[in-house]
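# Structural characterization, general
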Amino acid sequence: MADTATLRARNADFWARTAPGWVKHADWHDEIGRPLGAVALDWLGPQPGERVLDVGCGCGGTTAEIARAVAPLGSAVGLDLAEAMVATARDRFTAPGGAGPRFVAGDVETLDAVPGAPFDAVFSRMTLMLLADPVAGLTTVRRSMRTGARLAATVFRDGRVNPWLPAAMLGAAAHLGPLPPLPIGDEPGPFAFADATRVTRFLTAAGFTDIDIHPYDVTLDAPDDPEAVTEWLIEIGPAGAAYRDAEPTTQGCARAGAARLLERFRTAGTGYRLPTGLWLITARSDRTSRQ
């Protein structure tokens, strides 16, 4: 496994290259991807007047939803490593006069605390598994929380319960150029948090208590539009940069390759149903540890 500095540099490069796909499909991902974080948001239950942090806010849709829940006196801060996504989030959701959620570009692993701290609650959708140093990132999160504040997050479980995720990448990859290094073992990636015992160890080391990790299954419903669905899934994944650099004919072959592997999740005339296995992670900041 690569050292932490190498993994952080790799993460920064990957998300800089991948961000254009997320920006392009931001509206789609807000709608179709909402089930990925809904169970955590329901558990968290943001209340009017609270200050809430969204770790890995992407293009801002989840942060905006939280901001509506805590309005008018509360506040929501979205944090993301990808500067292009943060800029897009500001364009999409900042109201005249600077009202609405606040968005910050930064690496949660290297910050002392997130601007806007201390927070009453922290939300994260499908991000914690991507950290190069999970204990460092979670420690920053915990330091940014009020004593006894609550955390709710979702991550993927393993590939067996998320079969469409590798299918989209593998179907496209054969037609594209070199891809960025894919995760090996426990390196940051979609299945890095598959082992719940390992996740508990990270949270405990970061100073969290009342830790619970439960399996949760959802289905992502996408329209019956193979061209659009495959492009969305390719562009937000590791093949996205190579896909955007490719000639139109090659892009068409990549979409067709992904569509073939995703066909088993499609019902003609109805659309795609993508089965997704999550962990719902909940915890509270330690009432005594304030390192």
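Before reading on, note that the structure itself is shown above.
Described in the following lines is the structure provided in the data block. (Residues numbered from 1 in each chain as written. Predicted model: local features only at pLDDT ≥ 70, side-chain atom pairs only at ≥ 80, totals over all residues. Heavy atoms only, no water.)

## Observations concerning the packing of aromatic side chains
- Under the counting rule described, the total for this entry stands at 6 aromatic pairs.
- The interplanar angle of 90° and the centroid separation of 5.0 Å between the aromatic rings of Phe14 and Trp15 together place this pair among those described as edge-to-face.
- Counting every residue linked through ring pairs, the aromatic cluster contains Phe14, Trp15 and Trp22.
- Lying across the ring of Trp279, Arg157 places its NZ or CZ 5.7 Å from the centre.
- Positioned above the aromatic ring of Phe202, the side-chain terminus of Arg201 is 6.0 Å from the ring centre. (Phe/Tyr/Trp six-rings, centres within 6.5 Å; stacked < 30°, edge-to-face > 60°. Lys NZ or Arg CZ within 6 Å of the ring centre and 35° of its normal.)

## Concerning the layout of surface pockets
- Computed from the structure, the second largest pocket encloses a volume of approximately 160 Å³.
- As for the second largest pocket, its lining consists of 13 residues, and the residues nearest its centre are Gly74, Ser75, Ala76, Gly100 and Pro101.
- Mapped by element, the contributors of at least two residues to the lining of the second largest pocket are α4 (61-70) and β2 (75-80).
- Looking at the lining of the second largest pocket, its residues break down into 7 nonpolar, 4 polar and 2 charged. (1 Å grid on protein atoms, 1.4 Å probe; cavity = no way out; pocket = protein on both sides within 12 Å on 5 of 7 lines; lining within 4 Å. Points joined across faces, edges and corners; volume = space filled by probe spheres on them. Helix = DSSP H or I, 4+ residues; strand = E, 2+ residues; numbered from the N terminus. Nonpolar A, V, L, I, M, F, W, Y, C, P; charged D, E, K, R; others polar.)

## Some remarks on the pattern of salt bridges
- For the coordinates displayed, the defined rule picks out 19 salt bridges.
- A salt bridge links Glu109 to Arg8; its shortest N-O distance comes to 2.7 Å. Separated by 101 residues along the polypeptide, Glu109 in the loop between β3 (102-105) and β4 (119-125) and Arg8 in helix α1 (residues 4-24) bring together distant segments of the chain.
- As a salt-bridge pair, Arg198 and Asp186 come within 3.6 Å of each other at their nearest N and O atoms. Taken as a pair, Arg198 in helix α8 (residues 196-205) and Asp186 in the loop between α7 (164-173) and α8 lie far apart in primary sequence, 12 residues in all.
- Each member of the salt-bridge network shares a partner with another, and the members are Lys24, Glu227, Glu231, Glu235, Arg244 and Arg255. (Salt bridge = Lys/Arg side-chain N within 4 Å of Asp/Glu carboxyl O.)

## Notes on α8
- Those residues of α8 not exposed but buried are Ala196, Arg198, Val199, Phe202 and Leu203. Down the axis of α8, the buried side of the element spans an arc of 155°, and every buried residue falls inside it.
- Taken together, the buried residues of α8 touch α6 (134-143), β5 (145-156), β6 (208-222) and β8 (271-285).
- Two to three positions downstream of the cap, the backbone nitrogen of Thr197 sits 3.0 Å from a side-chain oxygen, assigning the N-cap of α8 to Asp195. (Buried < 20%, exposed > 50% of the residue type's maximum accessible area, 1.4 Å probe, protein only. Arc of directions from axis to C-beta. Contact = heavy atoms within 4.5 Å. Polar contact = N/O pair within 3.5 Å; in protein donor to acceptor, adjacent residues only side chain to side chain.)

## A short note on α1
- Spanning 21 residues, α1 covers 30 Å between terminal C-alpha atoms, matching the ideal 30 Å at 1.5 Å per step.
- At Thr18, α1 shows its strongest bend, of approximately 40°, with the proline Pro20 following within four residues.
- If you check which residues of α1 are buried, you get Leu7, Asn11, Trp15, Thr18, Ala19, Gly21 and Trp22.
- The secondary structure elements touched by the buried residues of α1 are α2 (26-32), α5 (83-93), α9 (226-235) and α10 (240-245).
- The N-cap of α1, judged by a side-chain oxygen 3.1 Å from the amide nitrogen of Ala5 a few residues on, is Asp3. (Expected span 1.5 Å × (residues − 1). Bend = angle between axes of the 7 residues up to and from the residue.)

## Quick look at the packing of α7 against helix α11 (residues 248-262)
- Relative to each other, α7 and α11 sit at 145°, their axes nearing to 7 Å. Where α7 crosses over α11, the two elements pack in a sense that is right-handed. Of the residues in α11, those in contact with Trp164, Ala167, Ala168, Leu170, Gly171 and Ala172 of α7 are Ala254, Gly257, Ala258, Leu261 and Leu262.
- Here the residues of the contact of α7 with α11 are counted per class, giving 9 nonpolar, 2 polar and no charged. (Axes fitted to C-alpha atoms, helices over the stretch in contact; angles between N-to-C directions. Left-handed = near helix turned anticlockwise from the far one by under 90°.)

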